[in-house]
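A closer look at the structure
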Amino acid sequence: MTGLFIFLGIVLFFVIVLSIPVLVDFEYTDVVRLKVQWLFLKFNIYPKDEKKPKKEKKKKEKPEEEKKEEPEEEKKEEEPKPKKENPFKTFYNNQGVSGMLQFIGDCCAALGKFSKGFIRSFYIRKLRIYMSITEGDAAATAIKYGKVCSELYPSLGFICSSCHVKNYKVNIYADYIGEKTVGELETRIALIPRRTLNAGIALVFRLGVQLLKVVFSNIKSANKKQAISVKKGGQKQ
């Protein structure tokens, strides 16, 4: 009973630790900054902290007389190994085009479910976008503004509908008297490791099921061929 409590305590500990989000801070203003933080660990991905170069110790070269020549190893001729049959090719030969398409469709469905679970593990705590668009004249500025909005807002709509977004602010406008286009981006993303791990385990399980189908199909086909060959051999005798 004590061992069970210890096991449950360990499981609970890992569940709590993996539920603590990994924070990713990205900022694009005058400079680009990227930081990652989890628990008490902090990493400056960009720009990296400058480290003092280590002094290289000069190794004293031994005189040629002291150097020992290493004996050359004789190369052994390796016998060519028999090529193994490709299990997917065997599966295709047994099941045909329809079976292979079904297998590919099931794998794609598994990947689709993984992508949904992976996206849900993200939580956007802050998203701020600022952009003032300026071109050479008013007409070009208006055209550029419309193009940027048509490309940016659908992507933002997908992000906001797929992920949890807490603090969201976007300010894009056409500046007809400005000198140049200016843009800023600031975001903080929280990634929950437990959800990502669950999505990965589910993906491995689903793909493993599909691979087992291929293996069992090949084994069944091989046994069938062996039974037919044995039957033909008995009839000849």
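Residues numbered from 1 in each chain as written. Predicted model: local features only at pLDDT ≥ 70, side-chain atom pairs only at ≥ 80, totals over all residues. Heavy atoms only, no water.

Considerations on the pattern of salt bridges
Stated formally: Take a side-chain nitrogen of Lys or Arg and a carboxyl oxygen of Asp or Glu: if they are within 4 Å of each other, that pair is a salt bridge. Only protein chains enter the accessibility calculation, which uses a 1.4 Å probe; a residue whose area is less than 20% of its type maximum is buried, one above 50% is exposed, and one in between is partly exposed. Numbering of helices and strands runs from the N terminus, with a helix taken as a DSSP run of H or I at least four residues long and a strand as a DSSP run of E at least two residues long.
As enumerated under the stated definition, the model contains 5 salt bridges in all. For Arg33, the salt bridge identified is with Glu27, shortest N-O distance 3.7 Å. By relative accessible area, Arg33 is classed as partly exposed at 36%. For Glu27, a relative accessible area of 26% corresponds to the partly exposed category. Between Lys126 and Glu186 there is a salt bridge whose closest N-O contact spans 3.0 Å. Placement of Lys126 in strand 4 (residues 122–133) and of Glu186 in strand 6 (residues 182–191) is noted, with a sequence separation of 60 residues between them. Judged by relative accessible area, which is 22%, Glu186 ranks as partly exposed.

Considering helix 3 (residues 138–162)
Residues lying three or four places apart along an α-helix face the same way, a consequence of the helix completing one turn every 3.6 residues. Put simply, the rule is: A helix is expected to reach a length of 1.5 Å times the quantity of its residues less one. By definition in these notes, contact holds between two residues if any of their heavy atoms fall within 4.5 Å.
The end-to-end C-alpha separation of helix 3 is 36 Å, in line with the 36 Å expected for 25 residues at 1.5 Å each. Within the span of helix 3, buried status applies to Thr141, Val148, Cys149 and Leu156. Where helix 3 is buried, its residues touch strand 4 and strand 5 (164–174).

Notes on the sheet that holds strand 3 (residues 41–46)
This is how it is decided: Strand pairing is assigned whenever DSSP detects at least two bridges linking the two strands. What counts as an axis is a line fitted to C-alpha atoms, over the stretch in contact for a helix, and the angles between N-to-C directions run from 0 to 180 degrees.
Sheet architecture is open: 6 strands sit in the order 3-2-1-6-4-5, paired in mixed fashion. Where the open sheet ends on each side, the last strands, each with one partner, are strand 3 and strand 5. On average, each strand axis in the sheet is tilted by 10° relative to the strand beside it, whichever way the strands run. Contacts from helix 3 reach strand 4 and strand 5 within the one sheet, and its direction differs from that of strand 5 by about 175°.

Points about the pairing of strand 3
The pairing of strand 2 (residues 32–38) with strand 3 spans 5 bridges and is antiparallel. Residue pairing for strand 3: Leu34 is matched across the bridge by Tyr46.

Thoughts on the layout of surface pockets
Selection rule: As defined here, a cavity is a set of points on a 1 Å grid over the protein atoms alone where a 1.4 Å probe fits but cannot get out. A pocket is an open set with protein on both sides within 12 Å along at least five of seven lines, and residues line them when an atom is within 4 Å of a point. Grid points are joined across faces, edges and corners, and a volume is the space filled by probe spheres set on the points. In this classification, the charged set is Asp, Glu, Lys and Arg, the nonpolar set is Ala, Val, Leu, Ile, Met, Phe, Trp, Tyr, Cys and Pro, and all remaining amino acids, among them Gly, are polar.
Computed from the structure, the largest pocket encloses a volume of approximately 180 Å³. In this structure, the largest pocket is lined by Ile119, Ile124, Leu127, Ile129, Leu156, Phe158, Ile159, Ser162, Cys163, Leu185, Thr187 and Ile189. Of all the elements in the fold, those that place two or more residues in the lining of the largest pocket are strand 4, helix 3 and strand 6. Here the lining of the largest pocket gets 4 residues from one element, more than from any other, and that element is helix 3. Taken together, the residues of the lining of the largest pocket sort by class into 10 nonpolar, 2 polar and no charged.

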